[in-house]
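Results of the structural survey
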Amino acid sequence: MGSIAEVECGLRWDDGLQAWMVESAGLAETVLAHPGLSAPPYGELYRMLGEHFGVAFDNLRFAYSHIPLCLHAAEHAKARRGIAGHLATRRGSIDAAAPALVARHFSALKQPGTIDLMQAVVEPFVIDLLSLVTGLDDIGADQAPTASQIFGRGVGMARRRRMEAEMGRLRQHIADMLGQDPGSDDVGRTMALLILGRDALTGTLGTSLYALLKDAGPVPLAAIAFPEMMPDTGVPYTERFVVEPVEIAGRTFAVGEKFRVFLAPFTQTGEARDRAKIFGVGAHTCLGRPLSLDIWRGIGRVFAETTTRVEIVDYALRDDEVFAYPNRFLARIDL
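The model shown is predicted, which means the values in this text are computed figures rather than measured ones. (Residues numbered from 1 in each chain as written. Predicted model: local features only at pLDDT ≥ 70, side-chain atom pairs only at ≥ 80, totals over all residues. Heavy atoms only, no water.)

The next subject is the packing of helix α3 (residues 42-53) against helix α7 (residues 157-178). Two packed helices can be described by the angle between their axes and the distance between those axes. At their nearest, the axes of α3 and α7 sit 13 Å apart, and the two run at 115 degrees to each other. You can see that α3 and α7 cross each other, and the crossing is left-handed. Together, Tyr 46, Leu 49 and Phe 53 of α3 and Met 157, Arg 160 and Met 163 of α7 make up the contact between the two elements. Split into classes, the residues belonging to the contact of α3 with α7 amount to five nonpolar, no polar and one charged. (Axes fitted to C-alpha atoms, helices over the stretch in contact; angles between N-to-C directions. Helix = DSSP H or I, 4+ residues; strand = E, 2+ residues; numbered from the N terminus. Left-handed = near helix turned anticlockwise from the far one by under 90°. Contact = heavy atoms within 4.5 Å. Nonpolar A, V, L, I, M, F, W, Y, C, P; charged D, E, K, R; others polar.)

Let's shift gears to helix α8 (residues 185-216). Here α8 spans 45 Å end to end across 32 residues, near enough to the 46 Å set by a 1.5 Å rise per residue. The axis of α8 is deflected most strongly, by about 30 degrees, at Gly 197. Within α8, 23 of the 32 residues are buried, which leaves the element mostly enclosed by the surrounding structure. Of the residues trailing α8, Gly 217 is marked for its positive phi of about 80 degrees. (Expected span 1.5 Å × (residues − 1). Bend = angle between axes of the 7 residues up to and from the residue. Buried < 20%, exposed > 50% of the residue type's maximum accessible area, 1.4 Å probe, protein only.)

To continue, consider the packing of aromatic side chains. Any aromatic ring pair is given by two values, namely how distant the centres are and how the planes are angled relative to each other. Enumeration over the complete set of coordinates arrives at 14 aromatic pairs. For the ring pair Tyr 46 and Tyr 64, a centre distance of 5.5 Å and an interplane angle of 40 degrees mean the geometry is tilted. Taken together, the positions of Tyr 46 in helix α3 and Tyr 64 in helix α4 (residues 58-64) put the pair 18 residues apart, joining distant regions of the chain. Each member of the pair, Tyr 46 together with Tyr 64, is buried. The rings of Tyr 42, Tyr 46, Phe 57, Tyr 64 and Phe 151 are connected pair by pair, giving a single aromatic cluster. The positively charged end of Arg 171 is found above the aromatic ring belonging to Phe 62, 3.7 Å away from the centroid. Positioned above the aromatic ring of Tyr 325, the side-chain terminus of Arg 318 is 3.9 Å from the ring centre. (Phe/Tyr/Trp six-rings, centres within 6.5 Å; stacked < 30°, edge-to-face > 60°. Lys NZ or Arg CZ within 6 Å of the ring centre and 35° of its normal.)

The subject of this paragraph is the pairing of strand β8 (residues 258-262). Most of β8 is tucked away, with four of its five residues classed as buried. Looking at chain direction, strand β2 (residues 19-22) and β8 are connected through three bridges and run parallel. Within β8, the position partnered with Trp 20 by the bridge is Phe 259. Bridging between strand β5 (residues 237-242) and β8 involves five bridges; their strand directions are antiparallel. By the bridge assignment, Glu 239 is partnered in β8 with Arg 260. (Pairing = 2+ DSSP bridges.)

There is about 1000 Å³ of room inside the largest pocket. What lines the largest pocket is a set of 45 residues, and nearest its centre among them are Leu 69, Leu 196, Ala 200, Val 235 and Cys 286. Elements represented by at least two residues in the lining of the largest pocket include exactly α5 (73-106), α6 (117-134), α8, β5 and α10 (289-304). Class assignment of the residues belonging to the lining of the largest pocket gives a composition of 28 nonpolar, 11 polar and six charged. Estimated volume of the second largest pocket: approximately 270 Å³. Together, 14 residues line the second largest pocket, and Gly 43, Glu 44, Cys 70, Leu 71 and Glu 75 are the ones closest to its centre. Counting residues per element, the ones that place at least two in the lining of the second largest pocket are α3 and α4. Among the elements that take part in the lining of the second largest pocket, α3 stands out by supplying four residues, more than any other. Along the lines of polarity and charge, the residues of the lining of the second largest pocket split into six nonpolar, four polar and four charged. (1 Å grid on protein atoms, 1.4 Å probe; cavity = no way out; pocket = protein on both sides within 12 Å on 5 of 7 lines; lining within 4 Å. Points joined across faces, edges and corners; volume = space filled by probe spheres on them.)

Printed below as a string of structure tokens:
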């Protein structure tokens with residue numbers, strides 16, 4: 001379906017997904033910033049699905065209504081303002097506590113032995129960080145263990161019902177912790193932070209540490225040239241839907257057509273300014289980017305003072321439609 005010219009500029013049609021694959025940095029930036037395209041309308045999709053099957057999906061739709069990457073135009077702007085405002089109020093507490101949090105969890109890299117870096121370091125660190133970000137002593141990680149999978153669409157009704165139940169438990173847990181009505185915007189914003197932040201940050205830290213360590217060889221961590229920007233991302237792609245006819249790459253796209261935009265090309269241009277675009281472009285740039293980069297620099301400081309050597313023993317990504325998330329990251333740490 002795509003012409004040779006389209007393929008060369010990084011545009012490819014996928015019959016299985018019935019979507020256009022965007023696989024070059026330049027075209028990805030154009031698509032992500034285009035005002036005629038919107039984020040996937042998850043809430044509306046679940047409304048139609050619920051009407052068809054007689055299932056309300058109230059908790060999923062409540063979560064989507066507070067997650068900026070699920071919204072467009074005025075609704076998107078409102079959700080971003082809410083989350084940005086919350087992060088601003090928490091920034092002082094985060095700045096004061098995050099360095100010690102990074103040092104405490106990543107000090108495991110200084111101890112000889114074999115550990116799973118995800119289970120022993122990255123996952124518990126992100127849970128503690130999100131507790132700091134949300135202000136909740138207990139973020140309810142056990143209430144919705146697959147919360148971030150609500151962005152997957154190739155799933156059956158049984159799994160969708162389970163996700164709806166998980167969202168209900170998480171929503172009620174947050175409401176109880178905040179002492180607020182489950183329908184409040186504060187509850188919705190907190191849900192959004194947990195759903196967006198947990199697997200995206202955990203996956204990005206895991207895949208980036210793997211990319212860094214596998215290329216470093218058996219040298220002391222302090223000898224590794226630690227990059228300013230994460231070398232990989234736990235969010236392999238994002239999607240856009242055409243909401244008004246647009247012309248991109250010499251082709252006109254009709255309302256309803258879909259793009260899947262891969263973010264890896266931003267890490268492959270050799271330009272530092274492009275690497276930052278793994279956090280998005282334009283109005284949908286990740287609000288957590290400043291904090292994520294602060295955390296990454298904090299990990300770099302741990303590396304700079306650590307003389308142990310880390311060898312990767314085993315590594316694998318979990319089967320996940322949405323995130324690149326290591327579920328096995330065994331490492332041997334030697335003096």
